[in-house]
Each structure stands twice: as C-alpha cells, then as structure tokens.
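Structural features, examined
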Amino acid sequence: DGGITQSPKYLFRKEGQNVTLSCEQNLNHDAMYWYRQDPGQGLRLIYYSQIVNDFQKGDIAEGYSVSREKKESFPLTVTSAQKNPTAFYLCASTPLTGPGDYGDTFGSGTRLTVV
Amino acid sequence: AQSVAQPEDQVNVAEGNPLTVKCTYSVSGNPYLFWYVQYPNRGLQFLLKYITGDNLVKGSYGFEAEFNKSQTSFHLKKPSALVSDSALYFCAVRALNSGNTPLVFGKGTRLSVIA
C-alpha cells in the first residue's frame, strides 16, 4: 500500500543530543513537509521541500535541519539548539501540481520527549 | 498571507444531534479548502475538500462542509453526530493554483460527542 511512514513512533532525547526523525513515502509525491504539533497551537510548519535537493524554512525552523537527497525521503534532525523539542511531529506529502482527490497525505507521527 | 481561524477550541454535542465546526479563512485569490480529522496519537486523515463548483461539499463518514465566499467561511457539518466522531478537527487552506505550497492550518477544534 502506498503511504508515508514515520519512524520511530516514540523518541526520547537527552539534553544536548541531536536526534533524527525519519519520513519515507512511496507515493511518488514531489513535495514533503514537516509540521510540529503542540496542544492548542495547531500545526506549525518547520521545513518543506518541493523538489529533491531543495528545501525552504517554515515558520519555526530554528533548531531544526532537513535534507532531501532522495524523492522518497525527508528526514528531520532536531538539534541541541532547539530548546523545547517535546512535541508531536508530523510529516506530509503532496504531488507537484498540488493535492489530488484526497488532499495532502500525512504520516502517523513521531512523539518526541526530552528526558 | 494566508490564515485560518477556528473560533471554538471545543464543541460539545449530544449523540444524534447535528454538529457544526466553524472555520473562516483569509487567502489571496481563490481558496483550496480542506478539513482533516485527527484521533489521539495519529496523523491527520482527510475528510473533504473544496476547490470549485457546488458550495456544499460531501466527504467521508457523513460529513459535509459549506463554502461561503462572501463570509470567507467553510464550516464543517454533520446531520447526526456519533460518539465515534469525537476527535480533533482541523481546517486548512491553500491558495488555488499555488501548486504544492504548504497548507496553512487553523488551531483545531476538539469535538466531543456525548452519548
């Protein structure tokens, strides 16, 4: 089945550590997005990529980094510079011309907790 | 700049009663509007979208939404609520013909259906 796979489902980070969240899609979608979800704040855009080897900062990019070396993959690294990383992280994708009949496709999320 | 407002953090409704979850938007040009639903610790699931055409859009699980251009609104409705409809609902917008630029989300409305 086509879809987006995010891993791990749960991730624990110690103070000062970098951690990487995985996002893989087999939908042949061109654009991929990372959102952060905090209670009562909706979804906030961290980074997005509309094409391989190119990406743009979203509204809250500080303390995060991404790469887009392959069309299928868009990993997010939460660096030690991100002072409050505890949140639910969602990855999404959509085709080049915009979403089809079913909107942007979302992964099932990664819950990151600082310990 | 695009924006979405969901004026109610929480909506409570009795099972069997009609429900409405409100959404207003701001976008340059014509909008591409979406409703998504999220269950605990899960990704977002697409419910319905509006692009052009009939102002009343029908979607998954018996939900529908009414597009009102003059009021810049896109309220989600269901004639008879189920306990299983209890979840977090997000409205989102993208400017029409903007390709795969990121969606802009509202902060979400938590729907609670009481038996």
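Up top is the structure these notes are about.
The residue count restarts for each chain, going from 1 along the sequence in the order it is written. Each chain gets a letter, beginning with A, and each ligand a number, beginning with 1, in the order they are written. Since the coordinates come from a predicted model, pLDDT governs what is reported: local features require at least 70, and pairs of side-chain atoms require 80 or more to be given and counted, while whole-chain, interface and lining totals use all residues. Only hydrogens and water are removed before side-chain values are computed, so all heavy atoms of the structure are retained for them.

Some remarks on the overall build of chain A
A count of helical and extended segments in chain A gives 0 helices and 11 strands. For chain A, the α and β elements follow one another from N to C terminus as β-β-β-β-β-β-β-β-β-β-β. Each radius of gyration reported is based on C-alpha atoms, and the globular scaling rule is 2.2 Å times the count of residues to the power 0.38. Taken over C-alpha atoms, the radius of gyration comes to 13 Å for chain A, in line with the 13 Å a tight globule of 115 residues would show. Reported as C-alpha extents along the three principal axes, the dimensions of chain A are approximately 40 × 25 × 25 Å. The contact criterion used throughout is that any non-hydrogen atoms of two residues lie within 4.5 Å. Expressed as a percentage of contacts within chain A between residues at least 6 apart in sequence, the contacts between residues at least 24 apart total 54%. Each accessible area is a Shrake-Rupley estimate made with a 1.4 Å probe; only the visible protein chains count as cover when residues are assessed. Of the accessible surface of chain A, which amounts to about 5,600 Å², a share of 48% is contributed by carbon and sulfur atoms. Measuring between centres, the 11 positive side-chain charges of chain A sit 9 Å from its 12 negative side-chain charges. Helix numbers and strand numbers start at the N terminus; a helix is a DSSP run of H or I with at least 4 residues, a strand a run of E with at least 2. When charges are tallied, Lys and Arg are placed among the positive residues and Asp and Glu among the negative ones, while His and the ends of the chain are skipped. Every charge is mapped to an atom, namely NZ of Lys, CZ of Arg, CG of Asp or CD of Glu.

Quick notes on the pairing of strand S2 (residues 10-13) of chain A
Residue and element names in this part refer to chain A. Remark: exposure states derive from per-residue accessible area (1.4 Å probe, protein chains only) relative to the maximum for the residue type, with buried under 20%, exposed over 50%, and partly exposed in between. Side chains Leu11 and Arg13 of S2 all project onto a buried face; the interleaved residues Tyr10 and Phe12 project onto a face where none is buried. Strand pairing requires that DSSP identify at least two bridges connecting the strands. Across 4 bridges, S2 lies against strand S11 (residues 110-114) in parallel orientation. Within S11, the position partnered with phenylalanine 12 by the bridge is threonine 113.

A short note on the interface of chain B and chain A
With 21 residues of chain B at the contact, the number on the chain A side is 31 residues. When two parts are brought into contact, each loses some accessible area as probed by a 1.4 Å sphere; the total of that loss over both is the buried area. Counting the surface lost from both chain B and chain A, the interface buries some 1,800 Å², and carbon and sulfur atoms represent 54% of this. Of all residues in chain B, Asn41(B), Asn100(B) and Pro102(B) bury the most surface against chain A, accounting for 33% of the area lost on that side. Note on definitions: salt bridges are taken to be side-chain nitrogens of Lys or Arg within 4 Å of carboxyl oxygens of Asp or Glu. Residue Asp104(A) is joined to Arg94(B) by a salt bridge in which the shortest nitrogen-to-oxygen separation is 2.9 Å. Two N or O atoms count as a polar contact when they lie within 3.5 Å, although within protein this holds only if one can serve as hydrogen donor and the other as acceptor, and sequence-adjacent residues are included solely when both atoms are side-chain atoms. Linking chain B to chain A there are 5 residue pairs in polar contact (both at pLDDT 80 or more). Every element with two or more residues in the side of chain B that touches chain A is listed here: strand S5 (31-38), strand S6 (44-50) and strand S10 (87-95) of chain B. The element that contributes the greatest number of residues to the side of chain B that touches chain A is S5(B), accounting for 4 residues. Three categories are distinguished: nonpolar for Ala, Val, Leu, Ile, Met, Phe, Trp, Tyr, Cys and Pro, charged for Asp, Glu, Lys and Arg, and polar for the others, with Gly belonging to the last. For the side of chain B that touches chain A, the residue count by class is 10 nonpolar, 7 polar and 4 charged.

Regarding unusual backbone geometry
With an omega of -10°, the peptide bond between Ser7(A) and Pro8(A) qualifies as cis. With phi around 65°, Asn53(A) is a residue other than glycine that occupies positive phi space. Structurally, Asn53(A) is set in the loop between strand S5 (43-51) and strand S6 (54-57). Despite not being glycine, Tyr61(B) has its phi angle at roughly 55°, a positive value. Within the secondary structure layout, Tyr61(B) lies in the loop between strand S7 (56-58) and strand S8 (64-68).

Regarding the sheet that holds strand S8 (residues 76-78) of chain A
Sheet strands line up and pair through hydrogen bonds in the backbone, either parallel or antiparallel. Residues and elements named next belong to chain A. Within the open sheet, the 4 strands sit side by side as S1-S3-S8-S7. Their pairing is antiparallel. One side of each edge strand has no neighbouring strand; the edge strands of this open sheet are strand S1 (4-7) and strand S7 (64-66). On average, each strand axis in the sheet is inclined to that of its neighbour by 20°, with strand direction left out of account. One ladder, built from 3 bridges, connects strand S3 (residues 19-25) with S8; its direction is antiparallel. Following the sheet pairing, threonine 20 is matched in S8 by threonine 77. The axes are straight lines fitted to the C-alpha atoms, using for helices just the contacting stretch, and the angles between their N-to-C directions are given from 0 to 180°.

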